[in-house]
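Now for the letters of each chain:
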Amino acid sequence: MRSPRHEALAGTPIRMSDEVADALAAGRPVVALESTIIAHGLPRPRNLEVALELEAELRRAGVVPATVGVVDGRPVVGMDRSALERMADGDGVAKASVRDLPAAMATGADAATTVAATAFLARRAGVRVFATGGLGGVHRGASDTFDESADLHTLARTPITVVCAGVKSILDVAATLERLESLGVTVVGYGTGRFPGFYLTESGHTVDWRADDPATVARMMTAADDLGLSSAIIVANPLPPGEQLDPALHDRILGEALAEAGRLGLQGKAVTPFLLGHFHRASSGASLEANVRAVRSNAALAGRIARARSG
């Protein structure tokens, strides 16, 4: 891939790779990918291997990948191999949500983008479909702490389609679904009326709408555009039962992790990485592999949706 040089929009600092810019100009399918999973979600060298694998699989399917991040203070949509390696190997890579972008840009930092920041930058560049693992949401005990992911508010004002495996199961799933409804974000189960639970095939909660093929999702995107909606469409894509983390193991580890986080007095940003790290250690890596399977499945489905949308 050639070095990023195209500006996504006149007057913005966002840069696109030639590959992404050419595909968007020609109306070919493009799928955005986040960089937080590379810098903060997976151990080395697995993180770079997965990043390259996802991009390669999308290209084989006729879809252009657009991994999003901040490199030397410049938001990039469509990072090249060198930038992906920096995200994977750098020790000082920041984690950037939307609110962090101005600081990262002003200080010339390298930063991996969260779901919120990836969705925001991708949509500003004209990318309409984004694949990730699981969304952030309302944290347990949020009625006391007001701890809620910026993902929700960004998706409420960003017209992009996000393919995910639900919200992270360490969160308050019921409260998250209520917030998504309040914020006007469309939630669609892919091939199911049940909301997935990230590591688990289902969370125990239902969804009001389902889509059984990519063309239906593409029609939903067109309908949202015709109505002038400014919110996202979440396509919740469950892992098959045979690929999920064992539910009994999941519940036991979650209980242990929550108890330990409470004992340590962890709050805010410190909670999620602690819980995910505990899952990885206590499951002997099984949770990490379930995460990778979910991301791979979501990227493949996002590619099919992007092709249906551009067809």
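Please read these numbers as outputs of a predicted model, since none were measured by experiment.

Conventions used here
Residues numbered from 1 in each chain as written. Predicted model: local features only at pLDDT ≥ 70, side-chain atom pairs only at ≥ 80, totals over all residues. Heavy atoms only, no water. Helix = DSSP H or I, 4+ residues; strand = E, 2+ residues; numbered from the N terminus. Rg over C-alpha atoms; globule rule 2.2 N^0.38 Å. Buried < 20%, exposed > 50% of the residue type's maximum accessible area, 1.4 Å probe, protein only. Contact = heavy atoms within 4.5 Å. Lys, Arg positive; Asp, Glu negative; His and termini not counted. Charge placed at Lys NZ, Arg CZ, Asp CG, Glu CD. Phe/Tyr/Trp six-rings, centres within 6.5 Å; stacked < 30°, edge-to-face > 60°. Salt bridge = Lys/Arg side-chain N within 4 Å of Asp/Glu carboxyl O.

Quick word on the overall build of the protein
If you tally the helices and strands in the protein, you get 13 helices and 14 strands. Relative to the globule expectation of 19 Å for 311 residues, the C-alpha radius of gyration of the protein, 18 Å, shows essentially globular dimensions. Its C-alpha atoms put the protein at 50 × 40 × 35 Å along the principal axes. Every one of the 311 residues in the protein was classed for burial, and the buried ones make up 53%. Sequence-distant contacts, at least 24 apart, represent 71% of the contacts inside the protein between residues at least 6 apart. Computed over 32 positive and 35 negative side-chain charges, the inter-centroid distance for the protein is 4 Å.

A look at helix H1 (residues 18-26)
Among all positions of H1, only Asp18, Val20, Ala21 and Ala23 are buried. Gly27, located one to two residues past H1, shows a positive phi value of around 75°.

Some remarks on the packing of aromatic side chains
Each aromatic ring pair is summarised here by two numbers: the centre-to-centre distance and the angle between the ring planes. Applying the stated rule across the entire model yields two aromatic pairs. Consider the rings of Tyr199 and Phe279, whose centres lie 5.1 Å apart with planes at 40°: the pair is tilted. One end of the pair, Tyr199, is in the loop between strand S11 (194-197) and strand S12 (200-206); the other, Phe279, is in helix H12 (residues 271-282), and 80 residues separate them in sequence. Overall, Tyr199 belongs to the buried group, its relative accessible area being 3%. Ring pairing ties together the aromatic residues Phe198, Tyr199 and Phe279, which thus form one cluster.

Focus: the pattern of salt bridges
Inspection of the entire model under this criterion finds 16 salt bridges. With a shortest N-O distance of 3.1 Å, Asp225 and Arg128 are connected by a salt bridge. Here Asp225 is found in helix H10 (residues 214-227), whereas its partner Arg128 is found in the loop between helix H6 (115-125) and strand S8 (129-131), with 97 residues between them in sequence. Classification of Asp225 by relative accessible area gives partly exposed; the value is 31%. Arg128 gets classed as buried once you look at its relative accessible area, which sits at 17%. Across the pair Asp225 and Arg309 runs a salt bridge, and its minimum N-O distance is 2.6 Å. Here Arg309 lies in helix H13 (residues 286-310) and Asp225 lies in helix H10, a separation of 84 residues in the sequence. When salt bridges that share partners are traced, they join Glu19, Glu55 and Arg59 into one network.

Section: the environment of Gly193
Structurally, Gly193 is set in the loop between strand S10 (186-190) and S11. Put simply, Gly193 and Ala236 are 43 residues apart on the chain and 9.7 Å apart in space, counted from C-alpha to C-alpha. When sequence neighbours within four positions are dropped, the list of residues in contact with Gly193 reads Thr206, Val207 and Arg210.

Thoughts on the environment of Gln267
Tracing the backbone shows Gln267 in the loop between helix H11 (247-264) and H12. By relative accessible area, which is 60% here, Gln267 ends up exposed. Along the primary structure Gln267 and Asp147 are separated by 120 residues, whereas in three dimensions their C-alpha atoms are 8.4 Å apart.

Interpretation in functional terms is not warranted from these geometric data alone.
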